Amino acid sequence: MENREFLLSYIVPAYNAEYVLEPCINSIIQIGRDVEVIIVNDGSTDCTGNIAQKLCDKYPNQIKVINQKNQGVSAARNIGIGTAHGKYIAFSDADDTINTEKVRGFLSENIMIEDIIMLNYTVVENGKRKIRPLFSDLYSDNPKDSLLKHLLYCKFSRNDEDKVLGGKVFQYFWEKNYLIKNRIWFNTTLSYAEDLVFCCLAVKRAKTIRVVDESIYDYYVTKGTASRCYRENYWNELQRVYDALNKICPEYIDQGMYFYYARTALFHISEYTLSKTISRDIALDKFCEVLSDKRVHDDFISIKKRCWTLREKTFNALMNFSDNGRALFYYLFLTKKIRARLLGLASGKTNKNRI
């Protein structure tokens with residue numbers, strides 16, 4: 001690769017990505033000559049390394065391949081940051097694609113001087129594309145406070161899955177010198193939500209942030225990926241994330257956040273019990289583990305006076321008075337089961353109408 005400066009460096013960690021890597025890289029390389037691509041082959045055991053090298057041979061002036069033993073996505077991204085030659089850094093997962101025309105247009109039409117430029121992305125699931133507008137309070141001269149609040153306290157989805165862990169590093173352009181100067185790296189000790197922690201750290205230390213409601217990234221939701229599978233140590237992972245965030249921006253963490261993390265873990269357990277991924281006995285043990293945490297109850301007491309919905313009041317009462325978590329588990333389990341049945345009936349009715 002030429003030893004020259006680029007406007008934008010895309011870092012793409014790749015682990016066993018032989019079926020998806022080429023479309024991803026092609027979507028980036030077509031942006032133009034101002035973009036370099038750093039593929040970090042993170043100890044793949046399939047043909048990912050060979051495919052990466054062929055792409056490098058095809059575009060030797062824009063693509064660089066780094067081969068390493070498997071160390072995880074955080075270590076791979078850190079290596080990419082350290083070797084990038086771009087004024088700005090962007091990230092992509094190997095199984096997603098870049099909106100080539102949108103990025104090309106943005107680079108040609110905008111002067112990039114900020115520490116961080118936040119953009120939007122499109123969710124692609126079952127062939128359907130969905131993009132949500134960014135929060136309106138982010139469009140200000142100094143959106144830092146609003147952005148941190150949204151990163152830490154996003155809304156619940158329709159499936160009651162807590163979206164508090166919503167930081168997506170691929171929807172930002174990060175000024176490289178700013179990252180290096182402020183020692184902003186991915187936390188390699190985290191196995192979950194490392195994106196969120198990186199985003200919060202970078203946003204907290206940034207002096208200038210710009211928000212643009214332009215979708216530059218296609219995020220493909222695939223069943224079976226790590227973020228959509230049962231995680232045996234999910235509660236422990238959430239605790240580590242909470243502790244990491246509490247060190248980065250304690251002034252932005254309000255009372256109740258630890259309780260919401262616990263609730264996220266409980267929803268996760270009940271969801272995968274319903275799908276019979278884990279047994280009810282295992283689920284009850286996991287519930288007891290969460291509910292025996294004194295910090296959960298202390299944090300819950302601190303927010304007791306807020307206005308709760310009837311459903312939340314039921315949840316809270318069961319959490320407070322269930323000594324072994326059994327009642328709360330069956331409440332969540334049955335709630336999800338009833339919802340799944342209603343969704344199934346609605347789907348059947350829709351299909352019947354189409355016949």
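As the structure is a computational prediction, the values presented were derived from the model and not from experiment. Along each chain, numbering runs from 1 in the same order as the chain's sequence is written. Thresholds applied to this predicted model are a pLDDT of at least 70 for local features of residues and 80 or more for the giving and counting of side-chain atom pairs; totals over whole chains, interfaces and linings are not thresholded and use all residues. Side-chain calculation: all heavy atoms of the structure are included, whereas hydrogens and water are not.

Things to note about the pattern of salt bridges
When charged atoms on two side chains of opposite charge get close, those side chains can pair.
Inference 1: We count a salt bridge whenever a side-chain nitrogen from Lys or Arg sits within 4 Å of a carboxyl oxygen from Asp or Glu. Evaluated as defined, the whole model comprises 11 salt bridges.
Inference 2: Between Arg231 and Glu237 there is a salt bridge, and its shortest N-O distance comes to 2.8 Å.
Inference 3: Only protein chains enter the accessibility calculation, which uses a 1.4 Å probe; a residue is then buried when its area is under 20% of its type maximum, exposed when over 50%, and partly exposed in between. Overall, Arg231 belongs to the buried group, its relative accessible area being 14%.
Inference 4: Between Asp298 and Lys294 there is a salt bridge, with the nearest N and O atoms lying 2.7 Å from each other. A residue pair is termed a helical-turn pair when its members lie 3 or 4 positions apart in one helix, as Asp298 and Lys294 do in helix H11 (residues 294-302) at four residues.
Inference 5: Accessibility expressed as a relative area gives 38% for Asp298, which makes it partly exposed.
Inference 6: Put simply, Arg77, Asp93 and Asp195 are held in one network by salt bridges that share partners. Only DSSP runs of H or I with at least four residues qualify as helices, and only runs of E with at least two residues qualify as strands; both kinds are numbered from the N terminus onward.

Notes on the nonpolar core
Inference 1: To form a nonpolar core, buried Ala, Val, Leu, Ile, Met, Phe, Trp, Tyr and Cys residues must be joined to one another through side-chain atoms within 4.5 Å. Of all hydrophobic cores here, the largest spans 76 residues; its most connected members are Trp174 and Leu245.
Inference 2: Considering every element that reaches this core, the biggest residue donor is helix H9 (residues 257-274), with 10 residues.
Inference 3: Val12, Ala90, Ile117 and Phe170 belong to the second largest nonpolar core, which has 39 residues in total.

Quick word on the packing of helix H5 (residues 144-152) against helix H7 (residues 194-205)
Inference 1: Every axis in this analysis is a line fitted to C-alpha atoms, fitted for helices over the stretch in contact. Angles between the N-to-C directions lie between 0 and 180 degrees. Packing of H5 against H7 brings their axes to within 10 Å, and their N-to-C directions diverge by 165°. When the axes of H5 and H7 are compared, the pair comes out roughly antiparallel. The handedness of the crossing between H5 and H7 is left-handed. Here H5 contributes Lys144, Leu147, Leu148, Leu151 and Leu152 to the contact with H7, which in turn contributes Leu196, Cys199, Cys200, Val203, Lys204 and Arg205.
Inference 2: Residues were grouped as follows: Ala, Val, Leu, Ile, Met, Phe, Trp, Tyr, Cys and Pro as nonpolar; Asp, Glu, Lys and Arg as charged; and all remaining residues, including Gly, as polar. When grouped by side-chain class, the residues that make up the contact of H5 with H7 number eight nonpolar, no polar and three charged. Working definition: roughly parallel below 35 degrees, roughly antiparallel above 145 degrees, roughly perpendicular at 65 to 115 degrees, and oblique for all remaining angles. For any pair of crossing helices, the crossing counts as left-handed if the nearer helix is rotated counterclockwise from the farther one by less than a right angle, and right-handed if it is rotated clockwise. Contacts are assigned to residue pairs that have any heavy atoms within 4.5 Å of one another.

Topic: the environment of Asp299
Inference 1: For Asp299, the position within the fold is in helix H11.
Inference 2: Asp299 gets classed as buried once you look at its relative accessible area, which sits at 12%.
Inference 3: Sequence separation between Asp299 and Tyr260 is 39 residues; the distance between their C-alpha atoms is 9.1 Å.
Inference 4: The contact partners of Asp299, leaving out residues within four places of it in the chain, are Gln255, Gly256, Met257, Tyr258 and Phe259.

As for the environment of Cys47
Inference 1: The topology assignment puts Cys47 in the loop between strand S2 (35-42) and helix H2 (48-58).
Inference 2: On the basis of relative accessible area, Cys47 is assigned to the partly exposed category, the value being 38%.
Inference 3: For the pair Cys47 and Glu18, spaced 29 residues apart in the sequence, the C-alpha separation amounts to 5.5 Å.

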